[in-house]
Every structure is written in C-alpha cells, then in structure tokens.
Amino acid sequence: MRTIDFSNYLDVLSGLRKPWQGQYHAMYSSVLGGVTRDPLLMQVPIDDHLVHRGDGVFDTFKCVGRAAYNLDAHLRRLMRSAAAIGLSWPGGIGEIRKLTLGTLAAADREACSGRVMIARGPGSFGVSPYESPEPALYIVVYAAGVPFMDKHPEGASVRRSQVPVKPARFATVKNCNYLPNVMMKRESVDWGVDFVVGFDSDGFMAEGATENFGLVTKKGELLFPRVEGVLDGTTMLRVMQLAEALVEAGDLKAIAFRDITEADVRGAAEMLIVGTTINVVSVRSFEGVPVGDGAPGPVGGALNARLMSDIATNDALRTAY
Ligand SMILES: Cc1ncc(COP(=O)(O)O)c(C=O)c1O
C-alpha cells in the first residue's frame, strides 16, 4: 500500500479531479479558518463526529440574481436545530451569517445553492459529543438545481414511501443523519417515480425526502400537515403566507395546518410539493392514480408563480452578496 505524507500529498490530491467537482464553487471551513475555491481542498476531518456519527445540523438555501433568498429563516432554523441537539456556535448567528455571505462572495455566482453545517467537530472516533472540544462550521456553495416544474411541466408522480417516518423529535431537527431521507430518495429512483411521501403510524401524511407535501381540497382549502411532526419548511411557511392573497381573491376558501390522511389525498383537487430547490410542484399522480384531473391545477400554478416572483424581487427577503 502506498504511504501518503506531506512529501507526496499534493501530488496525490492533484490526481483526484473529477468532473462533478465543477459544481462545487466555494467552501468555508472553521477547521482551516478560511475559504477555498478549489474542490480538492473542500475536505472535512474524518474524526469530526459529523462524519462518523452524523452528529451535526445543516440548512440549505438558494440564491438567485446574486442574492440569498430567505437566508435569515434558514439560519434561524439552523440555530434551532443546533440547540435541539445541544450544539451552538460560539460566534452566534451573526458570525455564521457573515461567513455565509463571505463564502457566497468568494463563489461569485449569479445563482447557486448554499449549505451551512454546524458539526460537533473533530475530537475522537467515539459517540460521546463531549469528546469534541469545539464545534466546526462548514459552508459550501454549489451549483443551483433546476426547479422541478421547469423540467417537468406535466407535474410529478408520487408514491407512498415504505420507510418509517422519523419520530417528531428527529423530524423537526434538520440534522445530518439523513439516512431515512436517503432511503426515501432511493425508493423514488428505484420505483421510477419523481417523489415519495411518508405516512406516520397514525396514517397521517408526513413529508418527502427533502420536501413538504400539501393538498388543495375540492372545497378549496390549502392544507399542509401539522408542523409538530415534520420539518417546518421555509418554503411551506412562505407559500402559506403567499396563499393568503389567494384567499382574499376568492381563489382559495381557507388555509390550514391539519392532519391529512391517504383518503384526503385520493379525494384532493390538487397535491403540492414544496421545497427550496423545487419551489412549488404540482402532482399529477399518486400511487398511479391521477390526482384531481391528472394535470397541474390552478392553485399550484398560482403559488409557484407567486413564489418565483418573491424569490426574484422581494427585497425584504433577499440578501445580496
Ligand atoms: C425533510 C425535509 N422536509 C422539508 C424540507 C423543505 O424545507 P425548505 O422549504 O426549507 O427547503 C426539507 C429541505 O431540505 C427537508 O429536508
């Protein structure tokens, strides 16, 4: 086996360029104390408990027109997630915000995605969080995904996931142990559908691998599940605010967070999926059966248009870098 040390490390590293690394624009690491634009230098120490225990929290936001959308909502959720697992960042949310904007400036992209991770930090290969003397912060800026409806204007196909829904205590924390979510994404790929959605042990609709699900009933109510059992998606919360205008215009009767059953899905006028990358997606089929009339409906279309306009022009929620 080849031995790697300081004398040959950079030579070894320079032979490891891969085409997909072109999607990685910049990374800040508190361990290194700086930012890099070279994907080969975007590394995390293996003794960081983030790596071997999934011990950390994260949040993902997107940038359009050189501005981060709803950044403060993402960073507030990040801090809440951290607090929920007994983790904090000594410099507070203000320092994380500054470092995030600095990493975005280093990436220098018109549009991109950003992910901020607070990790338990390097310290040991044990499971005890107390073996890491200090947390670590990693911020990575990478290529933006294409919103789903831009690629699939006909809408999404959805099936019911077989992966057990996470208990509320873990579902409501955006932690770096995403194995159930990974397994859900795997199901959707293996089954040849666009998304899967989980139902909890009481039979209530939960969420997707990395997105929230809602319904428009035939009575004209926009419903999302109660946030006590799912991640409080920034997109879902913003879409609910934007939907108030549809209620005022008479295009919707009401909006509510409520328990939703599979029977509700089968009787719905529209089923919607919302998330940072995808915006608002209209579902055309659930378990192979058309939802509503089997094509994107008016409420999904109106909310997607309002959200896209909000992302592009609402200066109150846009942070330039
Ligand atoms: C499990 C889960 N639910 C919902 C969401 C949607 O949250 P947001 O709208 O803030 O992207 C995400 C985002 O990644 C997620 O991971």
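What counts and how
Residues numbered from 1 in each chain as written. Predicted model: local features only at pLDDT ≥ 70, side-chain atom pairs only at ≥ 80, totals over all residues. Helix = DSSP H or I, 4+ residues; strand = E, 2+ residues; numbered from the N terminus. Rg over C-alpha atoms; globule rule 2.2 N^0.38 Å. Buried ≥ 20, exposed ≤ 12 C-beta atoms within 10 Å, placed from the backbone. Contact = placed C-beta atoms within 7 Å. Domains from an automatic or database assignment. Nonpolar A, V, L, I, M, F, W, Y, C, P; charged D, E, K, R; others polar. Pairing = 2+ DSSP bridges. Axes fitted to C-alpha atoms, helices over the stretch in contact; angles between N-to-C directions. Core = buried A, V, L, I, M, F, W, Y, C linked by C-beta atoms within 7 Å. Near = placed C-beta within 6 Å.

Caption draft 1: Spatial organisation of the overall build of the chain. Summing up its helical and strand segments, the chain has ten helices and 15 strands in all. A compact globule built from 321 residues should have a C-alpha radius of gyration of about 20 Å, and the chain, at 21 Å, falls within 12% of that. Sorting the 321 residues of the chain into buried and exposed places 41% on the buried side. Once local pairs closer than 6 in sequence are excluded, the contacts in the chain between residues at least 24 apart make up 68%.

Caption draft 2: Geometry of the domain arrangement of the chain. Domain parsing of the chain yields domain 1 (11-142) and domain 2 (148-315). The C-alpha centroid of domain 2 is placed 27 Å from the C-alpha centroid of domain 1. For the side of domain 1 that touches domain 2, the elements supplying multiple residues, two or more each, are strand S3 (56-64) and helix H3 (71-84). In terms of residue count, the dominant contributor to the side of domain 1 that touches domain 2 is S3 (eight residues). Per-class residue counts for the side of domain 1 that touches domain 2 are ten nonpolar, seven polar and three charged.

Caption draft 3: Quick look at the pairing of strand S6 (residues 136-142). The buried fraction of S6 amounts to seven of the seven residues, a majority that puts the element mostly inside the structure. Side chains Ala136, Tyr138, Val140 and Tyr142 of S6 all project onto a buried face; the interleaved residues Leu137, Ile139 and Val141 project onto the opposite face, where all are buried too. Two strands pair when backbone bridges link them, and strand S1 (residues 24-29) and S6 are joined in this way by five bridges, in the antiparallel orientation. Along S6, the bridge assignment pairs Tyr28 with Ile139. Note: strand S5 (residues 112-119) against S6, seven bridges, orientation antiparallel. Its bridge partner lying in S6, Met117 is registered against Tyr138.

Caption draft 4: Focus on the sheet that holds S3. Here seven strands make up an open sheet; going across it, the order is S2-S1-S6-S5-S3-S4-S15 and the pairing antiparallel. At either end of the open sheet lies a strand with only one pairing partner, and these are strand S2 (34-36) and strand S15 (318-320). Direction aside, neighbouring strands of the sheet carry axes that sit 25 degrees apart on average. Against the sheet, helix H4 (residues 92-107) engages S1, S2, S3, strand S4 (67-69), S5, S6 and S15, with an angle of about 35 degrees to S6.

Caption draft 5: Looking closely at the nonpolar core. Ile118, Tyr138, Met271, Ile273, Val281 and Val283 are the most contacted members of the largest nonpolar core, which totals 77 residues. For this core, the element with the highest residue contribution is S6, accounting for seven residues. When residues of this core are sorted by domain, at least three fall in each of domain 1 (11-142) and domain 2 (148-315). Beyond its immediate chain neighbours, meaning those up to four positions away, Tyr138 contacts Met27, Tyr28, Ser29, Val44, Met117 and Ala119.

Caption draft 6: Looking closely at the site of the ligand. Around the ligand there are 13 residues in total, and Leu231, Gly233, Thr234, Thr235 and Thr276 lie nearest to it. Of the residues forming the shell around the ligand, the biggest block, three residues, is contributed by helix H8 (residues 234-248). Of the residues belonging to the shell around the ligand, the class tally is two nonpolar, nine polar and two charged.

Caption draft 7: Looking closely at the environment of Ser113. Secondary-structure assignment places Ser113 in strand S5. Under the C-beta neighbour-count criterion, Ser113 is labelled buried, with 20 such atoms within 10 Å. For the pair Ser113 and Thr60, spaced 53 residues apart in sequence, the C-alpha to C-alpha distance is 7.1 Å. Apart from residues no more than four positions distant in its own chain, Ser113 is found in contact with Thr60, Lys62, Tyr142, Ala143, Ala144 and Gly145.

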